[in-house]
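# Inside the fold
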Amino acid sequence: MKKKLFIVFLLLLLAVSVYFNIKPGGSNTWFVSFADANTRETYNSIHHIKQAQQLATGKGIKVGIIGKYFGYATNKDLYAGGKDFTGNIDAFENIAEHGLWMATTLKEIAPDVQIYALCARDQNRANEAEAITEAIDWAIENDIDILTYSAEAFRQEERLQIDKAVKKAIEHGIVTTFIHYDLPENILPNGLFPSSPKSYAREADLNVFHFDFNVLFLFKYENYLKSDRNVGNNIGDQPYFSNSSMSLVLAAIVSMMKEVNNDLTPADYKKILIETSKEIKYNGYTVKHVVDAHDAINYLLKMNETTE
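These figures come from a predicted structure and were not determined experimentally.

Right, let's talk about the overall build of the chain for a bit. For the chain, the count of helices and strands is 11 helices and 11 strands. Burial status across the chain gives 52% buried among its 308 residues. Taking the intrachain contacts of the chain between residues at least 6 apart in sequence as the baseline, contacts between residues at least 24 apart amount to 69%. In the structure as shown, the chain presents an accessible area of about 15,200 Å², 51% of it carried by carbon and sulfur atoms.

The following block contains the structure:
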């Protein structure tokens, strides 16, 4: 009976989402977005999010999302602030896609966090590097606590400039959670996989559940059905697969930690997350450093007790 009710609930949620996110009769529909799907059993059972939210919710912590397509003009209640560094007003204010989805995920995990939309992604990668540098400087000046980035890896020719900016941010106490970014000082997430991508110069620090139920890409779902729900080795073709959300989930957990104790160094938060992580079996293989949000926050609470 409970299973049937759950299925009915999901169908209703889908219907509501379709109504608000898809124009009737539109020919270019390519996604359906949900507002509150990420706190379902998966994140909770793997990362203990609901338990963690009993201890902290990210209150008073500022997180800057470096990205684009925030829909800033029509979703101002979601953001505490933001700025465009590219000159592309549409990518910041009007288009509500990737940046908005990332902000929604962050807010679901840490509901009281303050989100700052930093529009700095650009098709011209050299211009993008400059915009990201400016966004990081802005974050330092505006006392941002955490910076997160969810997009493709930086090209080698831009690494020197971006590395310098990120190191400066970390020196100012900002924690960074960037995907595909193997700078030693960055907290580098990977999915629930047995090893890191070979393109990384080092192993990832932590493992985060790599599916995001916030957004369903319809073309992916159609391909999934055509393959008889068997995508073989192309795991990225599975519905809800998301590298992007890993850094946001991690940033949200760090914000909850910072609510409890905001006086540690970025290296300290990374160390605590690794020490409290768990080894689990997933899809028949071992995943070594799965984030445990509840235990990480509990670790800080106990630390606070010993120092009082």
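The next thing to look at is the pairing of strand E10 (residues 278–282). Examined bridge by bridge, E10 and strand E11 (residues 285–290) share four bridges and lie antiparallel to one another. Directly across from tyrosine 282, in E11, lies its bridge partner tyrosine 285. As consecutive antiparallel partners, E10 and E11 are separated by two residues, and within that stretch asparagine 283 has a phi angle of approximately 55 degrees, a positive value.

Ordered in space as E3-E4-E2-E5-E6, the five strands form an open sheet in which the pairing is parallel. Of all the strands in the sheet, just strand E3 (81–84) and strand E6 (175–178) have a single pairing partner and so form its edges. With strand direction ignored, the average angle separating the axes of adjacent strands in the sheet is 15 degrees. Where E3 lies against strand E4 (residues 114–119), four bridges are found, and the strand directions are parallel. When the bridges of E4 are listed, glycine 81 appears paired with tyrosine 116. Each of strand E2 (62–67), strand E5 (146–149) and E6 is contacted by helix H9 (residues 244–260), which is oriented at about 170 degrees to E5, the strand it contacts most.

Where burial is concerned, the two faces of E5 agree: the one with Ile146 and Thr148 and the one with Leu147 and Tyr149 are both buried. Sheet topology places E2 next to E5; four bridges connect them, and they run parallel. Pairing of glycine 64 across the sheet is with leucine 147, part of E5. In the sheet, E5 pairs with E6 via four bridges, with the strands oriented parallel. Residue pairing in the sheet places leucine 147 in a bridge with threonine 176 of E6. What joins E5 to E6 is helix H7 (residues 156–171), and the crossover it makes is right-handed.

What counts, and where the lines are drawn
Residues numbered from 1 in each chain as written. Predicted model: local features only at pLDDT ≥ 70, side-chain atom pairs only at ≥ 80, totals over all residues. Heavy atoms only, no water. Helix = DSSP H or I, 4+ residues; strand = E, 2+ residues; numbered from the N terminus. Buried < 20%, exposed > 50% of the residue type's maximum accessible area, 1.4 Å probe, protein only. Contact = heavy atoms within 4.5 Å. Areas by Shrake-Rupley, 256 points an atom, 1.4 Å probe, with all protein chains shown as cover. Pairing = 2+ DSSP bridges. Axes fitted to C-alpha atoms, helices over the stretch in contact; angles between N-to-C directions. Right-handed = clockwise from strand over helix to strand, strands pointing away.

As far as function goes, none of this settles anything; it's purely spatial.
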